[in-house]
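Each chain is listed here by its residues.
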Amino acid sequence: VLSHNLCTVLNVPHDPVALEEHFRDDDEGPVSNQGYMPYLNKFILEKVQGNFDKVEFNRMCWTLCAKKNLSKSPLLISEEDAFKVWVIFNFLSEDKYPLIIVPEEIEYLLKKLTEAMGAGWQQEQFDHYKIALNTSREGLSAWELIDLIGSGQFSKGMDRQTVSMAINEVFNELILDVLKQGYMLKKGHKRKNWMERWFVLKPNIISYYVSEDLKDKKGDIILDGNCCVEALPDKDGKKCLFLIKCLDKSFEISASDKKKKQEWIQAIQTTVSLLRAGSPPPHKEARQKRKELRQKLLAEQEELERQMKELQTANENKQKELETVRKQLEAAAARAAEEEKKRLQTQVELQDRFSLELEREKMVRQKMEEQVAQKSSELEQYLQRVRELEEMYKQLQEALEDEKQARQDEETVRKLQARLLEEESAKRAELEKWHLQQQQTIQMTEAEKQELENQRMIKEQALQVAMQQLEQLELERKEALEQYEEVKKKLEMAANNTKSWKDKVAHHEGLIRLIEPGSKNPHLITNWGPAAFTEAELEQRQKSWKGKKTTSE
């Protein structure tokens, strides 16, 4: 019965003989699903040409499985709506058994239903649901999808009729390839009258019916790449006109308003463009792109997993290598520990040896430090001696300055003595002159003698004054002699100091050569200055003075 009904729905001739021949050796019990599939593929599905009613085929499959799998809990959708959701599931599900619909396709379907109901999409609510879904499974089965839509979780606030209309609209678009539908006026070709029709736009045809129940079909407009659509001006009391041109005929249509007119023109132009490009309908193309994207992501994920496995394998190999290296390191560490032990022992021996050498070096260093200290002390003494010599040099300079000053003072006193001697000589000469004049006047007459006596008395008085002056000069000469003696003593002291410094300098290795003073021979001091006469001349002059003095008396 199953095989016969499938052949009837799919427009495939049924061959009972082939059925009996195929299952001739398997008539002892029920046929399993896996046992029936080879016959189904070979004798039924391979003969399908595609000229069958897909909705009727889906209804037959629905009849076979719905009673067993459909939830018994009450739903907000009817059984007919559940059937349409089931067909949509088969369209959007993945191409592997058991069939599931992935979260991306669930989101796409729920968005379409929400848009058809005129409600707002709750992305946050779906994200929470998607997170909960991904933690438990990869996707939903057909019956779980029916329960999700029938539970009203994503259609809160909507009545059953609105949800049913939204399911029907999405079913028409995705399954029946209905791109647009609605009531419009069509102008007849024979009677040229305007009649209201229900138009249904599909990827290659526009069908129009008497009403939206699609029971009384009035005709089709076959679309191809040569068709075009253009807007017409208002005429004959009709507004919102547009024209569909095909190869064999044209169709004048009037929309209810300008918005509907523009929507229909846009939809027909899009359909014609897709026919020219040979592209599938938009929803099928979008499904194919989503599927390719998922396959790409899945391939990338598989590649990533493969790489992760390779990395894990490489990591395990690395771990093994690291373990081998660790063992080698442990062995090397043991060898290193043994070598370290030997090294430490050698180091201890070297330290002992170095300690002995260090002690010897310390002793040598101590001796060297003592020598350096001694040399430093000698250097300090030498520097002290140099400083003393410098101080002695300064004192010697001062002594020389004192000697120079003493010589200058001596020269001054000598000049003073010479001046005094010159004055004394002048006075003595004047006295001698007066004495001669007195002797001449004595030989004069008594009158003249008296006069001369008077004059003598006057001259005597003058002589006394002169003698007083001479005595004063003599005192001054003695004072000058005393000053000279003092200067001479100072000069002798300076000479002695110079001699002592000379001795010291000679004692200190003769670093400085002193300036020696003049000759120390005794000098004769006369009224005409020191060293003015020799000793014989001085004696002669003294005798001459004594003779003159005796004569005058």
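Residues numbered from 1 in each chain as written. Predicted model: local features only at pLDDT ≥ 70, side-chain atom pairs only at ≥ 80, totals over all residues. Heavy atoms only, no water.

**Some remarks on the environment of Lys-72**
The test is simple: In this description a helix means any DSSP run of H or I spanning at least four residues, a strand means any run of E spanning at least two, and both kinds are numbered starting from the N terminus.
As for its position among the elements, Lys-72 is in the loop between helix 4 (54–69) and helix 5 (79–92). Residues Lys-72 and Cys-246, spaced 174 residues apart in sequence, show a C-alpha to C-alpha distance of 52 Å.

**Section: the UniProt feature "domain: PH" (unreviewed entry) in the protein**
We apply this condition: UniProt positions are given in the numbering used here, feature names are shortened, and annotations may be inferred rather than shown by experiment.
Here, UniProt's "domain: PH" (unreviewed entry) annotation points to residues 177–273. For residues 177–273, the end-to-end C-alpha separation is 16 Å, with 16% helix and 44% strand making up the annotated structure.

**Quick notes on unusual backbone geometry**
This is how the line gets drawn: Burial status follows relative accessibility: with a 1.4 Å probe on protein chains alone, a residue under 20% of its type maximum counts as buried, one over 50% as exposed, and anything between as partly exposed.
A positive phi is found at Asn-11, a non-glycine position, where the angle reads about 60 degrees. For Asn-11, the position within the fold is in the loop between helix 1 (2–9) and helix 2 (16–22). Residue classification places Asn-11 among the partly exposed residues on the basis of a relative accessible area of 47%.

**What to know about the packing of helix 1 against helix 4**
Short version of the rule: Note on geometry: axes are lines fitted to C-alpha atoms, helical ones only across the stretch in contact, with angles between N-to-C directions running from 0 to 180 degrees. Oblique is the label for any angle not covered by the other classes, which are roughly parallel (under 35 degrees), roughly antiparallel (over 145) and roughly perpendicular (65 to 115). It is the rotation of the near helix from the far one that decides the hand of a crossing: anticlockwise by less than a right angle makes it left-handed, clockwise makes it right-handed. Any two residues having at least one pair of non-hydrogen atoms within 4.5 Å are treated as being in contact. In this classification, the charged set is Asp, Glu, Lys and Arg, the nonpolar set is Ala, Val, Leu, Ile, Met, Phe, Trp, Tyr, Cys and Pro, and all remaining amino acids, among them Gly, are polar.
Where helix 1 contacts helix 4, the axes come no closer than 9 Å and their chain directions differ by 160 degrees. The angle between the axes of helix 1 and helix 4 places the two elements in the roughly antiparallel class. Every pair of crossing elements has a handedness; the one defined by helix 1 and helix 4 is right-handed. Of helix 4, the residues touching helix 1 (which contributes Leu-2, Asn-5, Leu-6 and Val-9) are Glu-56, Phe-57, Met-60 and Leu-64. When the residues that make up the contact of helix 1 with helix 4 are grouped by side-chain class, the tally is six nonpolar, one polar and one charged.

**Considering the packing of helix 4 against helix 5**
Following both chains from N to C, one finds helix 4 and helix 5 inclined at 110 degrees, their axes separated by 10 Å at the closest point. Taken together, helix 4 and helix 5 sit at an angle that is classed as roughly perpendicular. Contacts between helix 4 and helix 5 involve Val-55, Asn-58, Arg-59, Cys-61, Trp-62 and Cys-65 from the first element and Glu-79, Glu-80, Ala-82, Phe-83, Trp-86 and Val-87 from the second. Taken together, the residues that form the contact of helix 4 with helix 5 break down as eight nonpolar, one polar and three charged.

**Re the packing of aromatic side chains**
For clarity, the cut-off: Two rings from Phe, Tyr or Trp (for Trp, the six-membered ring) form a pair when their centres are within 6.5 Å of each other. A pair whose planes differ by under 30 degrees is stacked, one over 60 is edge-to-face, and the rest are tilted. To sit over a ring, a charge needs its Lys NZ or Arg CZ within 6 Å of the ring centre and within 35 degrees of the ring normal.
Scanning the model with the defined rule gives 15 aromatic pairs in all. Cluster of aromatic residues (ring-pair linked, three or more members): Trp-62, Phe-83, Trp-86, Trp-143 and Phe-171. The ring of Tyr-108 is capped by Arg-290, whose NZ or CZ atom sits 3.7 Å from the centre of that ring.

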